[in-house]
Amino acid sequence: QVRLVESGGGLVQAGGSLRLSCAASGRTFTSSRMAWFRQAPGKEREIVSSIGWSTRATYYADSVKGRFTISRDNGKNLVYLQMDSLQPEDTAVYFCAASDGRSTSYTYWGQGTQVIVSS
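This report concerns the structure included in the present document.

Basis of the calculations
- Numbering of residues starts from 1 in each chain and follows the order in which that chain's sequence is written.
- Owing to the predicted nature of the model, reporting of local features is limited to residues with pLDDT of at least 70; listing and counting of side-chain atom pairs is limited to 80 or more, with chain, interface and lining totals taken over all residues.
- Excluded from the side-chain calculation are hydrogens and water; included are all heavy atoms of the structure.
- Counting from the N terminus, the helices are the DSSP runs of H or I reaching at least four residues and the strands are the DSSP runs of E reaching at least two.
- Note on exposure labels: buried denotes an accessible area under 20% of the residue type's maximum, exposed denotes more than 50%, and partly exposed covers the range between, all computed with a 1.4 Å probe on protein chains only.
- For the purposes of these results, a polar contact is taken to be a pair of N or O atoms within 3.5 Å, where, inside protein, one atom must be able to donate a hydrogen and its partner to accept one; residues adjacent in sequence count only when each atom of the pair is a side-chain atom.
- The contact criterion used throughout is that any non-hydrogen atoms of two residues lie within 4.5 Å.
- Ring pairs are drawn from Phe, Tyr and Trp, using the six-membered ring of Trp, whenever the two centres fall within 6.5 Å, and their geometry is named by plane angle: stacked under 30 degrees, edge-to-face over 60, tilted for the rest.
- To sit over a ring, a charge needs its Lys NZ or Arg CZ within 6 Å of the ring centre and within 35 degrees of the ring normal.
- If DSSP finds at least two bridges between two strands, the strands pair.

You can see S32 is positioned in the loop between β3 (18-25) and β4 (33-39). Assessed through its relative accessible area of 1%, S32 is described here as buried. At a separation of 2.9 Å, a polar atom in the side chain of S32 contacts the main-chain carbonyl oxygen of S99. Those residues in contact with S32, other than ones at most four positions away along the chain, are R27, I51, G52, W53, S99, D100 and G101.

Put into structure tokens, the structure is as follows:
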């Protein structure tokens, strides 16, 4: 059974930092792309960042470029999202997602972790 479990969310003041973690289990992710999405109240889910599991190719949404950094630890099946210079508009539930092998879509999803940035 594939599981993605996020952790690291919380309440932080504007300008602060948080590091989200995603622990993946239940299958091998050597060819999977991993991503972080977020969904703010009343808005659609949007992709924040992604990383190729074996290629290290990364993607960032324009809104987080220069502030967020995605990384992964292949040996521990962990994916991280370092979030710096957080702003109130970053407030959302953040979800970890994984593709099924080299598929271009994301098949596996975590339950999400709440991030609240106060002004």
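Moving on from the model shown.
Attention now goes to the packing of aromatic side chains. All told, the structure shown has two aromatic pairs when counted by the stated rule. Relative to W109, the ring of F37 has its centre 4.8 Å away and its plane inclined at 55°; by these criteria the two rings are tilted. One end of the pair, F37, is in strand β4; the other, W109, is in strand β10 (residues 106-109), with 72 residues separating them in the sequence. Residue F37 is classed as buried on the basis of its relative accessible area of 11%. By the ring-pair criterion, three or more aromatic residues cluster together here, those being F37, Y106 and W109. Over the face of the ring belonging to Y80 we find R19, whose NZ or CZ atom lies 4.2 Å from the ring centre. Between the NZ or CZ atom of R27 and the centre of the ring of F29, over which it lies, the distance is 5.6 Å.

Across the seven residues of strand β5 (residues 46-52), five count as buried, placing the element largely inside the fold. Pairing of β4 with β5, which is carried by six bridges, proceeds in the antiparallel orientation. Across the sheet, residue R33 finds its bridge partner in β5, namely G52. Hairpin connection from β4 to β5: six residues lie between these consecutive antiparallel strands, with G42 at a positive phi of about 80°. As paired elements, β5 and strand β6 (residues 58-60) share three bridges and run antiparallel to each other. Paired with I51 across the strands is T58, a residue of β6.

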